[in-house]
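# Architecture at a glance
Residue-level listing of the chains:
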Amino acid sequence: MASKHKRKLKDLSVDEFLVSGFDSDGDDSDSDGEEHIQQNGKKKKTDPQETIPKKKGKATEHKDQLARLQAKDPEFYKFLKANDQKLLNFDDSDSSEDEDEEKYHTLPSELEEAKSDEDEDVPAKSKKAESIPVTEKMIAEWKAALRAEPSQRLFREVTQAFKGAVATTKGESDDQCRYVVSDSAVFNSLVLFCIRDIPVALQRMLDLKSLEKQDQKKLILPSSSKRWQKNMLDIKMYLSGLIQLLSSLTQATVIAAVLRHIHQMVPYYLCLAKQCRILLKHLVKQWSTGEETVRVLAFLALSKICRHKQDVYLSVVLKQMYIAYVQNCKFTSPTILPLISFMQRTLSEMYALDTQVSYQHGFIYIRQLAIHLRNAMTMKKKETYQSVYNWQYVHCLHLWCRVLSTLYPSEILEPLIYPLCQVILGCIKLVPIARYYPLRLHCVRALTLLSSSTRTFVPVLPFLLEILQQEDFNKKPGRMSAKPINFDVVLKLSKTNLQEKAFKDGLIEQIYDLMLEYFHTQACTIGFPELALPTVIQLKAFLKECKVANHCKPIRQLLEKIQENSGHITSRRQRAAFAVADGTAVTAWEKQTREEGTPLTKYYIQWKKLREKEVQMEISGKERMMDLNLPEINRKLIKEKKKDKKEFKGLFESDSDDDGTEPVLKIKEKAGEGDSDEDDGELEDLSDLSGDDDDDDDYGGEEDSDDDDEPSGSKGKAPKKLSSVDLQEIAEGDEDVVEDLELSDQD
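Rules of the game
- Residues numbered from 1 in each chain as written.
- Predicted model: local features only at pLDDT ≥ 70, side-chain atom pairs only at ≥ 80, totals over all residues.
- Heavy atoms only, no water.
- Phe/Tyr/Trp six-rings, centres within 6.5 Å; stacked < 30°, edge-to-face > 60°.
- Helix = DSSP H or I, 4+ residues; strand = E, 2+ residues; numbered from the N terminus.
- Buried < 20%, exposed > 50% of the residue type's maximum accessible area, 1.4 Å probe, protein only.
- Disulfide = S-S within 2.5 Å.
- Salt bridge = Lys/Arg side-chain N within 4 Å of Asp/Glu carboxyl O.

### Observations regarding the packing of aromatic side chains
Tallied over the entire structure, the rule returns 12 aromatic pairs. Between the aromatic rings of W142 and Y179, the centroid separation amounts to 5.5 Å while the plane-to-plane angle is 90°, which identifies the pairing as edge-to-face. With W142 in helix α8 (residues 136-148) and Y179 in strand β4 (residues 179-180), this residue pair connects regions lying 37 residues apart in the sequence. What makes Y179 buried here is its relative accessible area of 5%. With centroids separated by 6.3 Å and ring planes inclined at 70°, the aromatic side chains of Y518 and F519 adopt a geometry described as edge-to-face. Given the relative accessible area of 0%, F519 is considered buried. Site record: aromatic cluster; members linked through ring pairs are Y322, Y351, Y365 and W400.

### What about the state of the cysteines?
What we call a disulfide is simply a covalent bond connecting the sulfur atoms of a pair of cysteines. If you walk through the whole model with that rule in mind, you get 0 disulfides. Left without a disulfide partner, C421 is nearest to the cysteine sulfur of C401, which lies 6.8 Å away. What makes C421 buried here is its relative accessible area of 7%.

### Observations regarding the pattern of salt bridges
Taken as a whole and judged by the stated rule, the model has 11 salt bridges. With its nearest N and O atoms 2.8 Å apart, the salt bridge here joins E157 to R178. Of this pair, E157 sits in helix α9 (residues 152-167) while R178 sits in the loop between α9 and β4; the two residues are 21 residues apart in sequence, bridging distant segments of the chain. Exposure remark for E157: the relative accessible area of 13% places this residue in the buried category. Taking the shortest distance from any N to any O, the salt bridge between R611 and D513 comes out at 3.3 Å. Taken together, the positions of R611 in helix α30 (residues 599-627) and D513 in helix α26 (residues 501-521) put the pair 98 residues apart, joining distant regions of the chain. A residue is classified by how much of its surface remains accessible, and R611, at 23% relative accessible area, is partly exposed. Overlapping salt bridges bring together E509, D513, R611 and E614 as one network.

As structure tokens, then:
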């Protein structure tokens, strides 16, 4: 029986192992050539490859094919050897033999040596050394060449240099730039050169003027040019650098210059969607947080992008702008208020681009406001009240009132007027207490704007007349304030504010202004006398009860103007020949009355001009007071007085060394302290009037004691044992200085 051929397992492939079977033992592996016992008893050394045929791999088969090719077609083999060395010089080891071995980790033939930090820095330094530094001479050459004849290669050089300049603004970067800018003067020259010359050069390179002549009204996109594909990568690099430069700038004038340039490059951004989306985010940020000029330029760029690609960008931009508006109106001050008003007006213009999209946004956000109000009304907790009674909520109400009033008449947006009015009225009624009168006045102002612009009747007057009924204006204020309360930047009053005189004075002024504005919006309507009748009755009742002249004067003036306008409308109605149900005739009559004017409208125009001048003078006056360096009054300290008294005490020998002089000094010290406290109180805030009486008595008593004690003190200190000659020598001496020393007649 023939014995089976046996080899070492490590020398077998997978196929050979499966063919040979599993009968190989460890004792049978002695050498490469093994003995095979045949049937005739003879021993023969055989090669393992002779008995078991080895399966050829793909590499071996491919090598055999190339050998046959060399024999059959030597010329083609020479051609391959000359042109395609990779095809001939390949790894001839069969992949089938190494498939299983590659699955496991094999030790490397040589161990790698750890590199030091110095070795790692060498290639980085060599890379930086490869960058070409930009100089003023290079910029001048580029400028001349670009103005003479712009080319693709020249534009690429400029964009590479601009990329290197922008890379310096973000510090160290891994990106390797061809050019490097290290000097600030070179940086400014390069950026200025790009801002001035790049737009004109791109127009000439892409030949956009010929396309603009064909259609002058429509915006020509650079992608319509035949040369766009060749220059697209360079233009994309330049536009990305502009965005990066805009994000790294801090100075307002430089940001404004870059935004003007971006406004010119808007058509190129419209051709590149990714760069345009990134640009929109930065423009919204500048629109909501930048200075006045920066905000205007950012808005112009936003408007230009959205007008030419409404379907793609308008909805996204409106959402981003609304969120930025809400985030940046969390706090309100006299300086921030004009910026908030600017955001309201510009956002209204953006919503006017597409009323269908504006309705979707308005419905969602007004519903969100209503949900906050409903939660506050049902839960009645401090947190839910604060979610409604804050500046963000109030400014959102103002925004949507302005949007609906600006876009009126619009059939699409008109259904939003009623729910918005209901939300504002619910906000007023949520916590109807005196501390939230300023918030009520803000809501009334928003309703007045909405009512006047949309020709919708909103019952605003009851909320103003309610203040006159609830507040007792005859009661003397408990505190005196140093400055008036600015209701435009206040939502909630403190308990001390409610006791101040400025609170009631400001409240009367605000009621006068808001009533006058509301009646001005209704002054030309045919039903003005009936609308004004309840107000006239309540104003007359207020004048009967109120005894304060400063409060009665503006209310009486307002009442006279309302009655005068009511008489004018009544006299015109009596001459009308149409019926009340004739809506067309009523509209024509109101239009004619509006053109002719009424006593109230004429008075309102004059009052508005004076009011605006007062506001401007108040703002400019505050600025002037901040700029002026007013001198400070330095009062004499009490310690100095004590020192002077010690000096005078050494001059005179008084018999009365008893304790009679100590109370006088103590009283004078108290009086000095009272004067300093009184001066400090006048600057900040006076104390309660109820406490002022006691304080005045104290202060008065101290002053009287000073007046009474001064002669008694002088009598107590009168020199009895000194003669007039001694006194004269003391008075005329150079060493001692005596202030306010009077000699008595007896001496």
